[in-house]
Amino acid sequence: MTTLEIGITVALSALTTAAIRFSPFLLFPNGRKVPAFVQWLGKQLPRAVMAMLVIYCLKDVSFTEACNWLPALLGVAVTAAVHLWKKQMILSISIGTITYMVLLRVLGGL
């Protein structure tokens, strides 16, 4: 890419990012009621995104041997349990990841 093409790419990226960031304030200014569909999306999308992330994380898990699927499923279970208990995303993801990594090391040697 030439310097001009890089500059155009950066400028378009900046304009697109700004437009995406400013559009909610332009579409829903203070005092204007947010449509019911947008409120519904705001409630449903976090669950949908988390479900997609779980599916993405488990898509390559092989169920041929326990040492392949057990760390992944226990990691997910620990993450969910800690999140239901403490309601802190960083804590639950961290403990779930640590559990997964430790189980990979322990069960990987079997």
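Bear in mind the structure is a predicted one, so any value in this text is a computation, not a measurement.

### Description of the overall build of the protein
Reasoning step 1: A tally of regular secondary structure across the protein gives 4 helices and 0 strands.
Reasoning step 2: Listed by position from the N terminus, the elements making up the protein come as α-α-α-α.
Reasoning step 3: Taking 2.2 N^0.38 as the reference for a compact globule, 110 residues should give roughly 13 Å; the C-alpha atoms of the protein span a radius of gyration of 21 Å, well beyond that estimate.
Reasoning step 4: By residue count, 9% of the 110 residues in the protein fall in the buried class.
Reasoning step 5: Contacts spanning at least 24 positions in sequence make up 25% of the contacts within the protein whose residues lie at least 6 apart.

### Comments concerning the confidence of the model for the protein
Reasoning step 1: On average, residues of the protein score 91 in pLDDT, and 98% of them are at 70 or above.
Reasoning step 2: Least confident of the elements in the protein is helix α2 (residues 36-58), whose mean pLDDT is 91; most confident is helix α1 (residues 3-27), at 96.

### Details of the packing of helix α3 (residues 66-86) against helix α4 (residues 89-108)
Reasoning step 1: With their axes 8 Å apart at the nearest point, α3 and α4 run at an angle of 155 degrees to one another. Put simply, α3 runs roughly antiparallel to α4. Handedness of the crossing formed by α3 with α4: right-handed. Where α3 abuts α4, its residues Cys 67, Leu 70, Pro 71, Ala 72, Leu 74, Gly 75, Val 78, Thr 79, Val 82, His 83 and Lys 86 lie against Met 89, Leu 91, Ser 92, Ile 93, Ile 95, Gly 96, Thr 99, Tyr 100, Leu 103, Leu 104 and Leu 107.

### Points about the side chain of Ser 92
Reasoning step 1: Structurally, Ser 92 is set in helix α4.
Reasoning step 2: Look past the residues within four positions of Ser 92 in its chain and what remains in contact with it is Thr 79, Val 82 and His 83.

### Things to note about the layout of surface pockets
Reasoning step 1: By volume, the largest pocket amounts to about 680 Å³.
Reasoning step 2: Forming the boundary of the largest pocket are 20 residues, of which Met 50, Val 54, Val 76, Thr 79 and Ile 93 lie nearest the centre.
Reasoning step 3: In terms of residue count, the dominant contributor to the lining of the largest pocket is α3 (8 residues).
Reasoning step 4: Classifying every residue of the lining of the largest pocket by side-chain character gives 13 nonpolar, 7 polar and no charged.

### Structural notes on α1
Reasoning step 1: Taking 1.5 Å as the rise per residue, α1 with 25 residues should run 36 Å; its terminal C-alpha atoms sit 36 Å apart, in good agreement.
Reasoning step 2: The sharpest bend along α1 comes to roughly 30 degrees, located at Arg 21, with the proline Pro 24 sitting one to four residues further on.

### A word on a nonpolar patch on the surface
Reasoning step 1: Among the surface-exposed residues, Leu 4, Ile 8, Leu 12 and Leu 15 lie close enough to one another that they form a single nonpolar patch of about 430 Å² accessible area.
Reasoning step 2: Tracing the backbone shows Leu 12 in helix α1.

### A word on the packing of aromatic side chains
Reasoning step 1: If you walk through the whole model with that rule in mind, you get 2 aromatic pairs.
Reasoning step 2: With a centroid separation of 6.0 Å and an interplanar angle of 25 degrees, the aromatic rings of Phe 37 and Trp 40 are classed as stacked. On the criterion of helical spacing, the pair formed by Phe 37 and Trp 40 is a turn pair, its members being 3 residues apart in helix α2.
Reasoning step 3: By relative accessible area, Phe 37 is classed as exposed at 55%.
Reasoning step 4: Residue class for Trp 40 comes out partly exposed when judged on its relative accessible area of 47%.
Reasoning step 5: Seen from the ring of Trp 85, Lys 86 lies directly overhead, with NZ or CZ sitting 4.6 Å from the centre.

Rules used throughout
Residues numbered from 1 in each chain as written. Predicted model: local features only at pLDDT ≥ 70, side-chain atom pairs only at ≥ 80, totals over all residues. Heavy atoms only, no water. Helix = DSSP H or I, 4+ residues; strand = E, 2+ residues; numbered from the N terminus. Rg over C-alpha atoms; globule rule 2.2 N^0.38 Å. Buried < 20%, exposed > 50% of the residue type's maximum accessible area, 1.4 Å probe, protein only. Contact = heavy atoms within 4.5 Å. pLDDT = per-residue confidence, 0-100. Axes fitted to C-alpha atoms, helices over the stretch in contact; angles between N-to-C directions. Parallel < 35°, antiparallel > 145°, perpendicular 65-115°, else oblique. Left-handed = near helix turned anticlockwise from the far one by under 90°. 1 Å grid on protein atoms, 1.4 Å probe; cavity = no way out; pocket = protein on both sides within 12 Å on 5 of 7 lines; lining within 4 Å. Points joined across faces, edges and corners; volume = space filled by probe spheres on them. Nonpolar A, V, L, I, M, F, W, Y, C, P; charged D, E, K, R; others polar. Expected span 1.5 Å × (residues − 1). Bend = angle between axes of the 7 residues up to and from the residue. Patch = residues over 30% accessible without salt bridge, like charges linked within 9 Å, V, L, I, M, F, W, Y side chains within 5 Å. Areas by Shrake-Rupley, 256 points an atom, 1.4 Å probe, with all protein chains shown as cover. Salt bridge = Lys/Arg side-chain N within 4 Å of Asp/Glu carboxyl O. Phe/Tyr/Trp six-rings, centres within 6.5 Å; stacked < 30°, edge-to-face > 60°. Lys NZ or Arg CZ within 6 Å of the ring centre and 35° of its normal.

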